[in-house]
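Here's the letter readout for the chains.
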Amino acid sequence: MSRGPAPDVGIITTGHDVADARLHKITAALQHRDLSVELWGLGEPEGGPAGAVVHAGPRGNLVQRLARTAVLPWRTKAKVVMTVDPDMIPVTRLVTTLRRRKMVADVHEDYTRLLADRAWAKGPAGLPARMIVRASSKLAAGADLTVVADSHLAPHEAKQRLVVQNFPYLPFLALTPPTGAPRAVYVGDLRASRGLFDMVETVAAAPEWSLDLVGPVAPSDRDELEVRINRADLAGRVRLHGRQPPADAWQLTQGAWASLAMLQPTPAFVEAMPSKIYEYLASGLPVLSTRLPRQTRVIEESGGGVLVDSVAEASETLRRWSADPGELEKLRDHALRWAAANLPATTPYDDLADAIVNLLKA
């Protein structure tokens, strides 16, 4: 541990990799305000944001996570402590109160609905997790600053509540025209409910296409995925890149022809607006998407993609695009025009950084 000056902001998490895109976006905005940042999380330190002091380690088991949850809020000496995990909110509230530090609680998902999408969280076994989520929501409202990723997320009333939507951080993106053979991309967490196998089967039925999957695969789906992509009809056409820092992730999309967003209508996703849709449009990547309500509105408004109801329809669309790239060029143009007109030059992350500056001044 360094004995130098206390950092301005300490971001602590026992559930997120230090390569997580939202952590990078928040850190970049804070650094643009000349604030020093330290980050405690999972993964490899080199995956963390440039310029931050990064402490990272392995995920470990549930007992180890619970131990870190109890200890980590005491370890950071930062003037403002920000947590992005619901289970860390109670201890962080206690520590920041005792030490007279400022606390920021970032509620960037609907955790109640997210638990409904996890088999392990159902029934009696999931009761502790559900209780923690309910208690954490109430405690988050009492933080010095409560950040939510969307207006519909709880808590709806707080001491100071700020909506920080997952809009693109443009310096991370890679805006390049399509090159080479037809190639689709997906950037984000990978699991069945996020359309993992639907994307794979879509490409399997469009033999001209390949697919780059950039993000971590859920352990429960990895074995099945490995078996599927190594079958003869897909061998060599689906590439797994794992979790990448956001700038590196978007570099992997350079030259791609299209993007995929095939989230399923689970309780966690039906009201969500994935940040990747905005990022795809801002990158000039035509979007092939399922018809979740908010995705549908943006894609129809932008004209930057096509909505599908089935894997068969998605595969047919890819085959049409490779046969007639002119349609893709029109979609790309619509995407870029919409992004330029509708995505703010000043992002919500800048608003968050300004709010934290004000906390430091208070």
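Right above here is the structure, for reference.
The structure reproduced in this document is the subject of the present report. (Residues numbered from 1 in each chain as written. Predicted model: local features only at pLDDT ≥ 70, side-chain atom pairs only at ≥ 80, totals over all residues. Heavy atoms only, no water.)

## Side note on empty space enclosed by the protein
Here's step 1: Applying the stated criterion across every chain yields a total of 2 cavities of 30 Å³ or more.
Here's step 2: Volume-wise, the largest cavity comes out at about 30 Å³.
Here's step 3: As for the largest cavity, its lining consists of P178, A256, W257, G284, P286, L328, E329 and R332.
Here's step 4: Taken as a whole, the second largest cavity spans an internal volume of roughly 30 Å³.
Here's step 5: Forming the boundary of the second largest cavity are A21, K25, Y169, F172, L173, P246, W250 and E279.
Here's step 6: Looking at the lining of the second largest cavity, the elements that each hand over two or more residues are α1 (21-32) and α8 (246-251). (1 Å grid on protein atoms, 1.4 Å probe; cavity = no way out; pocket = protein on both sides within 12 Å on 5 of 7 lines; lining within 4 Å. Points joined across faces, edges and corners; volume = space filled by probe spheres on them. Helix = DSSP H or I, 4+ residues; strand = E, 2+ residues; numbered from the N terminus.)

## Side note on helix α7 (residues 219-229)
Here's step 1: Taken as a whole, α7 has its buried residues at D221, L225, R228 and I229. Down the axis, α7 shows its buried residues gathered within 80 degrees of arc, on one side only. Exposed positions of α7 whose direction lies more than 90 degrees from the buried face are P219, D223 and V227.
Here's step 2: Residues of α7 that are buried make contact with α6 (196-204) and β10 (238-240). (Buried < 20%, exposed > 50% of the residue type's maximum accessible area, 1.4 Å probe, protein only. Arc of directions from axis to C-beta. Contact = heavy atoms within 4.5 Å.)

## A look at the pairing of strand β13 (residues 305-308)
Here's step 1: Both faces of β13 are covered, namely the face carrying G305 and L307 and the face carrying V306 and V308.
Here's step 2: Bridge analysis of strand β12 (residues 287-290) against β13 gives 4 bridges, and the strand direction is parallel. Residue pairing across strands places S289 opposite L307, the latter belonging to β13.
Here's step 3: With helix α10 (residues 293-302) bridging β12 and its parallel neighbour β13, the resulting β-α-β unit is right-handed. (Pairing = 2+ DSSP bridges. Right-handed = clockwise from strand over helix to strand, strands pointing away.)

## Observations regarding the sheet that holds strand β5 (residues 102-107)
Here's step 1: As summarised here, the arrangement of the 7 strands in space is β3-β2-β1-β4-β5-β6-β7, forming an open sheet in which the pairing is parallel. Each having just a single partner strand, β3 (53-57) and β7 (161-163) make up the two edges of the open sheet. Averaged over all neighbouring strand pairs, the angle between strand axes comes to 15 degrees, with direction disregarded.
Here's step 2: Bridge analysis of strand β1 (residues 9-17) against strand β4 (residues 80-83) gives 4 bridges, and the strand direction is parallel. Its bridge partner lying in β4, G10 is registered against V81.
Here's step 3: Across the sheet, α1 lies against β1, β2 (37-42), β4, β5 and β6 (145-148), angled at about 170 degrees from β1, the strand it touches most.
Here's step 4: Packed onto the sheet, helix α3 (residues 89-99) meets β1, β4 and β5 and runs at close to 165 degrees relative to β5. (Axes fitted to C-alpha atoms, helices over the stretch in contact; angles between N-to-C directions.)

## Description of the packing of aromatic side chains
Aromatic ring pairs are described here by two measures, namely the spacing of the ring centres and the angle between the planes.
Here's step 1: Throughout the structure, instances matching the rule amount to 5 aromatic pairs.
Here's step 2: A ring pair is formed by W209 and W257, whose centres lie 5.9 Å apart and whose planes are at 80 degrees; its orientation type is edge-to-face. Highlighted residues: W209 in the loop between α6 and β9 (210-214) and W257 in the loop between α8 and β11 (258-261), separated in sequence by 48 residues. For the pair shown, W209 and W257 are each scored as buried.
Here's step 3: By the ring-pair criterion, three or more aromatic residues cluster together here, those being F167, Y278 and W338. (Phe/Tyr/Trp six-rings, centres within 6.5 Å; stacked < 30°, edge-to-face > 60°.)

## Examining the side chain of D8
Here's step 1: Inspection of the secondary structure assignment puts D8 in the segment before β1.
Here's step 2: Within the local environment of D8, its side chain forms a polar contact with the backbone nitrogen of S36, the two atoms lying 2.8 Å apart.
Here's step 3: With residues near it in sequence (within four places) discarded, D8 still touches D34, L35, S36, A78, K79, V80 and L360. (Polar contact = N/O pair within 3.5 Å; in protein donor to acceptor, adjacent residues only side chain to side chain.)

## Regarding the sheet that holds β12
Two strands in a sheet stick together by hydrogen bonds in their backbones, pointing the same way (parallel) or opposite ways (antiparallel).
Here's step 1: The strand order across the open sheet formed by 6 strands is β10-β9-β8-β11-β12-β13, and the pairing between neighbours is parallel. Strands at the two margins of the open sheet, each flanked by one partner only, are β10 and β13. When strand polarity is set aside, the average angle formed by the axes of neighbouring strands in this sheet is 25 degrees.
Here's step 2: Running over the sheet, helix α11 (residues 311-323) touches β11, β12 and β13 and is turned about 150 degrees from β13.

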